[in-house]
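# Results of the structural survey
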Amino acid sequence: MDWIYIGLSLTLGMPKCNSGSVLCLILCLLLSSFVQGQDWDELNREGMNAYASGSFVQSRSTHVKALTIAERQYGRQSLQYTSSLSNLAYAQKALGDFEPATANFLEAARISQFHYGPTSFELFESQLNVVNIYLNRRLLDSTEFYILQARQTLKSAQNVTPDYFKDRVSDFYRGMIGLFNSEASLYYSKGLTMKAIEIMESLKLMLKEDIQYNPDLLSSYLSALNNLGTYYLEVGALEKAQKSIHEFIELTNPNEDPIQHLYALQSLGSICRELGIYDSAQLVWEQGLEFIVSEKLVNSDLNMVFLNNLGELHFEREDYKAAKNYFHQSKSQYESRPSYDPERYRTTLFNLAQSYWFDGEYPTADILFDQAMKNLLNQILKNFTFLTDTEKRAFYRRNLSFIQDYSSFALEMSGVVKFSEIADSVLKPEISGDLYNLQLNTKGIILNASNKMRKRILSSNDEVLMDSYKKWENQKNELAQSYGDRSQSEIDRLENSIEFLEKLLVKQSAAFETGFQIDEYTWKDIQRVLKPGEAAVEMIRLVDGLLYGALIVTPETRDHPVFAIVKSKKSKYLEKEFYRQYLNSIKFKLKDTVSYSVYWEPILDSIQSSVGRKKLKRIYFSSDGIYNQINLNTLINTKTDQYVVDEVSVVRLINTKELLVKKIKKGGGKDKKAALFGMPSFSLADEVFGPFVELQGTGVEIKKISSTLQEKGWKVSSHLEERASETNLKVLGSHDIVHLATHGFFYGIEQDQADPNITEVLLNSGVALAGANHKEGHLNEDGILTAYETTTLPLDSTQLVVLSACETGLGQYHPGEGVYGLQRSLKSAGAKNIVMSLWKVDDLATQKLMIDFYRNWLSGNEIREAFREAQIELRKTYPEPYYWGAFVMSGL
């Protein structure tokens, strides 16, 4: 992973002595009492000078002495004590001693409020120090909390004391710049780099206009240029990155500001590297290391940055010995500190692990990878609770490469696939267990976190919280109804309001106090719930989809899960040519003689060898990648002329961890409720036409299912024609079954990988209900239920949602996250089981399938077997998979 370093204006270390520094202001105020406080003053100055020269250990020691004297002579509530406390915190921060630095910055902020009040600029500066120490620790929730406090303090200081503000315009201006930098860095840490760029571009424009009147702003302008260059490199905008960094370098004077000079060297080397000019990049970064030594800055974070960059450069040149040397230096320097930035440390660990891996030293690489993955999971544990869904996705994607790299390493270390000469003596077949455990803990983690948050909010009995939740739901529905009819500025305003409410919900809920708990299960937990003849399979997309791994657990598994591989061919890829062949066979009703042997046989053979001669009855299958778009039941074994549905029961899951929750067994009807929607009146007036044609057959489907349910004691509400409306669906309340027989739609869109707009994705899939052909829509609803709106449906008690419509199982796929579409939204809303389709369906075949399914289930069969039997029965009338294989069931 590329190493980058973001410089923060006002946060690079202890402030210089200028009119904008609270610490220097305090010193100036104390000059009149110089004789009384001479010892303290001398120590304080000595400590500041030591810090400025890079002697952080000496600075810390000196400020400890100064703090003792300040407490004895002036007291713990004095300005002198506050000054020493803050200065000590700066030195501790520079040495990576983050916890005491945090405590000292917080105490300094408390004393500042005591002396200057809650609306003072001095308090704001103290709060900004707290913001940036939490940012260094990658504690994103605390960072955001104090950013909000600092912003409010700055605003209050401007409003409450206008005369004071007038006298210190430059200080306030500089403070605002520091706040902008911190906010941009927070967004970057969350993975929302485009938002960080937006903030920094506006800051740069503002500074460029004002710098001619106030030359003191040059340092802030340089930081903005440097940060912008780094952000643009992150998103691949090389031309914009070059422009920012070249301007930054031209304006930098190494004699006036050595830190900015180091940033210039760091950024210049990054540009050279991106352009493939490796010799120049190496030369520039080596100069940076020499400059660090000459300026006595070896204890600074920048030293580790240059070490890591040079390590990566040598790694790319396949000089692994030199790479390891640099990475080891960086790692050792981190570990010599009391604490450190976990993200940068993790990057160093991964880089070092990869160097050992590529150099053939697998056991050492394995140890380092293990350390790095624990670091990553710990960061997820600390931060996931406090992020919105969009931020969760961005944060996950920012760290996805670590998981993918480790998966590739595990693949080779297992010995299943050999990409290089690796001795059998160093192979570690049991690594498949580590990989399975990683899948259990991270696959679908975004959905899992969102579900937990929703349940905690709904069960809180907190009226204020519930009111916020209702507002959030209403605004999401408002956005869905008006997405194509409003200006971009109005949409942005509504999206920002929705995100603000979501943040409020997160902060107010009990989950904020308890944190997001990862259920740390292992493959052995899965094995314990498997019955004889059952198997659990976790699919993993590998090598950009050229390979897929199947991690297999059965009751007979001993030391580690079986690792089976599904491979592309030289001329046909699993996600391209082979999939098109599968889809065309379905569409044109041709016998598929290839897909079974490609997609299924390697997995089935491995399972069968694991269980021996025992009859295989059921496979719990957690899909990934292309397997989300294939119904395994439709694959035919040309040797036996049987489909997978005939051979074994395949149960689709998002994560095999679902096996550890309670299952639905029978369709008993006492006190159970079902809501059925069908035959919607898409056009509510004769003269209205649109894309959705009437579905008269769905009315028959609803009536027959209703009759079957009522015979078994179910309470049924049927919604037909104009009553099959979006409004009636949204006000349903709690039901055990929700059945929608109508049209479905999915419009694929290209996604910005840097900052994903999942809202747009979820607005492009859904189902049509009454009035959907009315272009202008209705007073409140437009008849189009999107996946985005579906997340707000009250489905926490719903055991089964049936989407009896075309292509309702399609959506936008992203590695490790699953498919964004109706299935995911329904799961997020709380639905336990979902029936959906992967392609366009035949109305009559669908009608028969659904009626038979309910009849089987309500007769006492287990829900999955009832669905499987219905598909087998339908095949007697419609033998081609096109008719009986479109629908799949997901969940337990």
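Overview of the structure. Each chain carries its own residue numbering, running from 1 in the direction its sequence is written. Confidence filtering applies because this is a predicted model: local features only for residues at pLDDT of at least 70, side-chain atom pairs given and counted only at 80 or more, and all residues used for totals across whole chains, interfaces and linings. Here the side-chain values reflect all heavy atoms present in the structure, with hydrogen atoms and water set aside.

## Focus on the overall build of the protein
To be explicit about the condition: Helix and strand labels come from DSSP, where a helix needs a run of H or I of at least four residues and a strand needs a run of E of at least two; each type is numbered from the N terminus. Each residue gets one of three labels from its accessible area relative to the maximum for its type: buried under 20%, exposed over 50%, partly exposed in between, using a 1.4 Å probe on protein chains only. Contact between two residues is taken to exist if any of their heavy atoms lie within 4.5 Å; hydrogens are not considered. All accessible-area figures derive from a Shrake-Rupley calculation using a 1.4 Å probe, and residue coverage is judged against the displayed protein chains alone.
Helix and strand counts for the protein stand at 36 helices and 18 strands. Taking all 892 residues of the protein together, 60% fall into the buried category. Across the protein, every contact between residues at least 6 apart in sequence was considered, and the portion connecting residues at least 24 apart equals 72%. Looking at the protein as shown, the accessible area adds up to about 36300 Å², and 51% of this sits on carbon and sulfur atoms.

## Brief notes about the nonpolar core
Formally: What we call a nonpolar core is a set of buried Ala, Val, Leu, Ile, Met, Phe, Trp, Tyr and Cys residues that are connected through their side-chain atoms within 4.5 Å.
Core analysis: the largest hydrophobic core is formed by 238 residues, its most contacted members being Trp 600 and Ile 603. Look past the residues within four positions of Trp 600 in its chain and what remains in contact with it is Ser 595, Ile 619, Phe 621, Leu 632, Leu 635, Val 644, Glu 647, Val 648 and Val 650. Listed in part, the 12 residues of the second largest apolar core include Tyr 81, Leu 85, Ala 108 and Ile 111.

## Details of the pairing of strand 12 (residues 765-768)
The test is simple: Two strands are counted as paired when DSSP detects at least two bridges linking them.
Bridge count between strand 11 (residues 744-746) and strand 12: 3 bridges; the pairing is antiparallel. When the sheet's bridge partners are listed, Gly 744 is paired in strand 12 with Val 767. Strand direction decides the pairing type here: strand 12 and strand 13 (residues 784-786), joined by 3 bridges, are antiparallel. Bridged to Val 767 within strand 13 is Leu 785.

## Some points on unusual backbone geometry
Unusually for a residue other than glycine, Lys 589 sits at a positive phi of about 60°. Residue placement: Lys 589 occurs in the loop between helix 26 (577-587) and helix 27 (595-611). The exposure class assigned to Lys 589 is partly exposed, which follows from its relative accessible area of 35%. One non-glycine residue with positive phi stands out, namely Met 679, at about 45°. Looking at where Met 679 falls in the secondary structure, it is placed in strand 8 (residues 673-680).

## Some remarks on the side chain of Thr 82
Following the sequence through the fold, Thr 82 ends up in helix 4 (residues 79-94). Judged by relative accessible area, which is 6%, Thr 82 ranks as buried.

## Details of the packing of aromatic side chains
This is how it is decided: Pairing of aromatic rings covers Phe, Tyr and Trp, the last counted by its six-membered ring, and requires centre-to-centre distances within 6.5 Å; plane angles under 30 degrees mean stacked, over 60 mean edge-to-face, and any other angle means tilted. Over a ring means this: the NZ of a Lys or the CZ of an Arg is within 6 Å of the ring centre and within 35 degrees of the ring normal.
This model, assessed by the stated rule, comprises 35 aromatic pairs. Centre to centre, the rings of Tyr 579 and Tyr 582 are 6.3 Å apart; their planes meet at 35°, and the pair counts as tilted. One end of the pair, Tyr 579, and the other, Tyr 582, are both in helix 26, 3 residues apart, so they sit about a helical turn from each other. Given the relative accessible area of 12%, Tyr 579 is considered buried. Pairing Tyr 878 with Tyr 883 gives two aromatic rings, centres 5.0 Å apart and planes at 35°, and the pair type is tilted. Tyr 883 shares its class with Tyr 878; the two are buried. Site record: aromatic cluster; members linked through ring pairs are Phe 315, Tyr 320, Phe 350, Trp 357, Phe 358, Tyr 362, Phe 369, Phe 402, Tyr 406 and Phe 409. Taking the ring centre of Tyr 188 as reference, the NZ or CZ of Arg 398 above it sits at 4.1 Å. In this structure, Lys 589 packs its charged tip against the face of Tyr 882, placed 4.3 Å from the ring centre.

## A word on a nonpolar patch on the surface
This is how the line gets drawn: Note on patches: the residues involved have over 30% relative accessible area and no salt bridge, like charges join within 9 Å, and the nonpolar side chains Val, Leu, Ile, Met, Phe, Trp and Tyr join within 5 Å. Salt bridges, as used here, are contacts in which a Lys or Arg side-chain nitrogen is within 4 Å of a carboxyl oxygen on Asp or Glu.
Among the surface-exposed residues, Phe 419, Val 543, Leu 546 and Tyr 573 lie close enough to one another that they form a single nonpolar patch of about 330 Å² accessible area. Residue position: Leu 546 is located in the loop between strand 1 (534-542) and strand 2 (547-553). With relative accessibility at 34%, the residue Leu 546 sits in the partly exposed group.

## Remarks on the pairing of strand 10 (residues 737-741)
With respect to burial, strand 10 is a largely interior element, 5 of its 5 residues being buried. In this structure, strand 8 lies alongside strand 10, joined through 5 bridges in parallel fashion. What sits directly across from Ala 675, in strand 10, is Val 738. When strand 10 meets strand 14 (residues 800-804), the two strands line up parallel, connected through 5 bridges. Bridging across to strand 14, His 739 finds its partner in Val 802.

## Some remarks on the environment of Thr 808
For clarity, the cut-off: Any N or O atom pair separated by 3.5 Å or less is treated as a polar contact, with the protein-specific requirement of one donor-capable and one acceptor-capable atom, and with residues adjacent in sequence counted only for side-chain atom pairs.
Counting through the fold element by element, Thr 808 comes out in the loop between strand 14 and strand 15 (811-814). Along the backbone, Thr 808 and Val 835 are 27 residues apart, and their C-alpha atoms lie at a distance of 8.9 Å. With near-sequence residues (within four places) excluded, Thr 808 lies in contact with Gly 744, Val 767, Leu 803, Leu 822, Gln 823, Met 836 and Ser 837. Within the structure, the side chain of Thr 808 is placed 3.0 Å from the backbone nitrogen of Ser 837, a separation counted as a polar contact.

## A short note on the environment of Thr 102
With respect to the helices, strands and loops of the structure, Thr 102 is situated in helix 5 (residues 98-116). Thr 102 sits in the buried class, given a relative accessible area of 3%. Along the chain, Thr 102 and Gln 92 lie 10 residues apart, while their C-alpha atoms are 9.1 Å from each other.

## Describing the pattern of salt bridges
According to the stated counting rule, one finds 39 salt bridges in the structure shown. Asp 301 is the partner of Arg 344 in a salt bridge, and the nearest nitrogen-oxygen pair spans 3.5 Å. Here Arg 344 is found in helix 17 (residues 342-358), whereas its partner Asp 301 is found in helix 15 (residues 301-316), with 43 residues between them in sequence. Neither residue differs from the other here; Arg 344 and Asp 301 are each classed as buried. A salt bridge links Lys 428 to Asp 366, with the shortest nitrogen-to-oxygen separation between them at 2.7 Å.

## Some words on the packing of helix 17 against helix 18 (residues 362-383)
Filter applied, for reference: Between N-to-C directions, angles span 0 to 180 degrees; the directions come from axes that are lines fitted to C-alpha atoms, helices contributing only their stretch in contact. Convention used here: angles under 35 degrees read as roughly parallel, angles over 145 as roughly antiparallel, angles from 65 to 115 as roughly perpendicular, and any remaining angle as oblique. For a crossing to be left-handed, the near helix must be turned anticlockwise from the far one by less than a right angle; the clockwise case is right-handed.
At a closest axis distance of 8 Å, the pairing of helix 17 and helix 18 adopts a crossing angle of 155°. Comparing their axes, helix 18 and helix 17 come out roughly antiparallel. Handedness of the helix 17/helix 18 crossing: left-handed. Residues Pro 342, Tyr 345, Arg 346, Leu 349, Phe 350, Leu 352, Ala 353, Gln 354, Tyr 356 and Trp 357 of helix 17 touch helix 18, and the partners they reach there are Tyr 362, Thr 364, Ala 365, Leu 368, Phe 369, Gln 371, Ala 372, Met 373, Asn 375, Leu 376 and Gln 379.

No statement about biological role is implied by the geometric values presented.
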